[in-house]
Amino acid sequence: MFTSLINLFYPRICAACDGFLLQDEKVICTRCRHEIPQTHHYLNPNNEAFSKFYGKIPVEFALAMFYFHKMGRVQEMIHKLKYKGHEEIGTAIGFWFGEELKQFEPIKDISCIVPVPLHPRKLKERGYNQVSSFGKALSESLNVPFDESILIRNFYTKTQTKKNLLGRTELAKNLFDISNDISLNGNHILLVDDVITTGSTLEICSRALLKIPNVKVSILCMAMSQ
């Protein structure tokens, strides 16, 4: 009865369509779970996400779960996750994707899940890394360790500054680095982020991780722009 009263005054709404959630629905309604455009990249290793990095960096595989369209439901979810504090969205997507990835054989080789990091100043401003809840849910679902300390961001950048920085090769090379106290020689790291657009940020992060001797890197994101 108490839960019903809370739902009456503070109704639970779907993160994608803002419709009311039914009692047995969590975060994303059943209709959106069927209608959100999924990539099914894990069914095709030579998919369009992998093509973003082919010939640039030696990634083992690259996957995204959804297609990202402007004004679409995926954009709505990512915006709420990134700017509105709705970390439960990342958790829901992580568990959803984690269940699907259990049938993807290469995922069984992963040693560690690492998120694209925020600069400490940005982390303090926002209060959380929007990718962390996603990575932690994947970690639990796939039974693979999650570690936010491996990859570090050296510079604080605003959105436009970041775009300019990524276009300046020498500075971009040093945007990310690895921490000094790691021992991941020969491991297979899964780098996770929210959205693949040009792939520049993920490429620079991967290059930093590839400094680790004999390491392998793969990429997994919630969505990719189409």
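Predicted, not measured: the structure shown is a model, and the values here were computed from it.

Trainee: Could you give me a rundown of unusual backbone geometry, with the residues and numbers involved?
Mentor: Only a minority of non-glycine residues have a phi that is not negative, and only a minority of peptide bonds are not trans. Of note, the phi angle at Asn-143 is positive, near 60 degrees, even though the residue is not glycine. Relative to the elements of secondary structure, Asn-143 occurs in the loop between helix H7 (132–142) and strand E3 (151–153). We classify Asn-143 as exposed; its relative accessible area is 70%. Within the chain, Asn-214 stands out as a residue other than glycine whose phi angle is a positive 60 degrees.

Trainee: So what about the sheet that holds strand E2 (residues 112–115)? Which residues, and what values?
Mentor: The strand order E1-E6-E5-E2 describes an open sheet built from 4 strands, whose pairing is parallel. Since the sheet does not close on itself, it has two edges, and those belong to strand E1 (59–68) and E2, each with one partner. Here the strands of the sheet are splayed against their neighbours by 20 degrees on average, with no regard to which way each runs. Relative to strand E5 (residues 188–196), E2 is paired through 4 bridges, and the arrangement is parallel. From the neighbouring strand, Cys-112 faces E5, where its bridge partner is Ile-189. Sheet contacts for helix H5 (residues 87–101): E1 and strand E6 (216–225); angle to E1, the most-contacted strand, approximately 125 degrees. Each of E1, E5 and E6 touches helix H10 (residues 200–209); the most contacted strand, E5, lies at about 165 degrees to it.

Trainee: Which residues make up the packing of helix H4 (residues 73–83) against H5, and what are the values?
Mentor: Interhelical geometry of H4 versus H5 gives an angle of 125 degrees and a closest axis separation of 7 Å. As far as their axial angle goes, H5 and H4 are oblique. Residues Met-77, Lys-80 and Leu-81 of H4 touch H5, and the partners they reach there are Glu-87, Ile-89, Gly-90 and Ile-93. Residue classes in the contact of H4 with H5 are distributed as 4 nonpolar, 1 polar and 2 charged.

Trainee: Tell me what's going on with the packing of H5 against H7, and back it up with residues and numbers.
Mentor: Direction vectors running N to C along H5 and H7 enclose 35 degrees, while the axes themselves pass 7 Å from each other. The handedness of the crossing between H5 and H7 comes out as right-handed. Contacts from Glu-87, Gly-90, Thr-91, Ile-93, Gly-94, Phe-95, Phe-97, Gly-98, Glu-99 and Leu-101 of H5 reach H7 at Ser-133, Phe-134, Ala-137, Leu-138, Glu-140, Ser-141 and Leu-142.

Trainee: How would you explain H4 if you had to name every residue and give the values?
Mentor: All of the buried residues in H4 are Val-74, Met-77, Ile-78, Lys-80 and Leu-81. Considered in projection along H4, the buried side chains sweep an arc of 160 degrees and stay on one side of the axis. Buried residues along H4 sit in contact with E1, H5, H7, E5 and E6. Where H4 terminates, the next one or two residues include Gly-85, which has phi positive at roughly 80 degrees.

Trainee: Can you break down the nonpolar core residue by residue, with the values?
Mentor: Within the largest apolar cluster, 41 residues are counted, with the highest numbers of intra-cluster contacts made by Ile-28, Met-77, Leu-101 and Leu-220. If you list the elements that add at least two residues to this core, you get E1, H4, H5, H7, E5 and E6. Per-element accounting of this core gives the leading share, 6 residues, to H5. Non-local contacts of Leu-220, meaning those with residues more than four positions away in its chain, are made with Leu-63, Phe-97, Leu-101, Ile-107, Phe-134, Leu-138, Leu-190, Leu-191, Val-192 and Asp-193. Among the nonpolar cores identified, the runner-up in size contains 32 residues, and Val-114, Ile-189, Leu-191 and Leu-209 belong to it.

The rules behind the values
- Residue positions are given per chain, counting from 1 as you read along its sequence in written order.
- Side-chain atom pairs in this predicted model are given and counted only at pLDDT of 80 or more, local residue features only at pLDDT of at least 70, and totals for whole chains, interfaces and linings cover all residues.
- Derived side-chain values reflect all non-hydrogen atoms in the structure, with water molecules and hydrogen atoms excluded from consideration.
- In this description a helix means any DSSP run of H or I spanning at least four residues, a strand means any run of E spanning at least two, and both kinds are numbered starting from the N terminus.
- Partly exposed describes any residue whose relative accessible area lies between the buried limit of under 20% and the exposed limit of over 50%, with all areas from a 1.4 Å probe on protein chains only and scaled to the type maximum.
- At least two DSSP bridges between two strands are required for those strands to pair.
- With axes taken as lines fitted to C-alpha atoms, and helix axes fitted only over the stretch in contact, angles between N-to-C directions fall between 0 and 180 degrees.
- Throughout, a residue-residue contact means that at least one pair of heavy atoms, one from each residue, lies within 4.5 Å.
- Reported orientations rely on four angle classes, namely roughly parallel under 35 degrees, roughly antiparallel over 145, roughly perpendicular from 65 to 115, and oblique for the rest.
- Polar here means any residue outside two lists: the nonpolar Ala, Val, Leu, Ile, Met, Phe, Trp, Tyr, Cys and Pro, and the charged Asp, Glu, Lys and Arg; Gly therefore counts as polar.
- Crossings are assigned a handedness: left-handed for a near helix turned anticlockwise from the far helix by less than a right angle, right-handed for a clockwise turn.
- Here, the arc refers to the directions that run from the helix axis to the C-beta atoms.
- Working definition of a nonpolar core: buried Ala, Val, Leu, Ile, Met, Phe, Trp, Tyr and Cys residues. They are joined through side-chain atoms within 4.5 Å.

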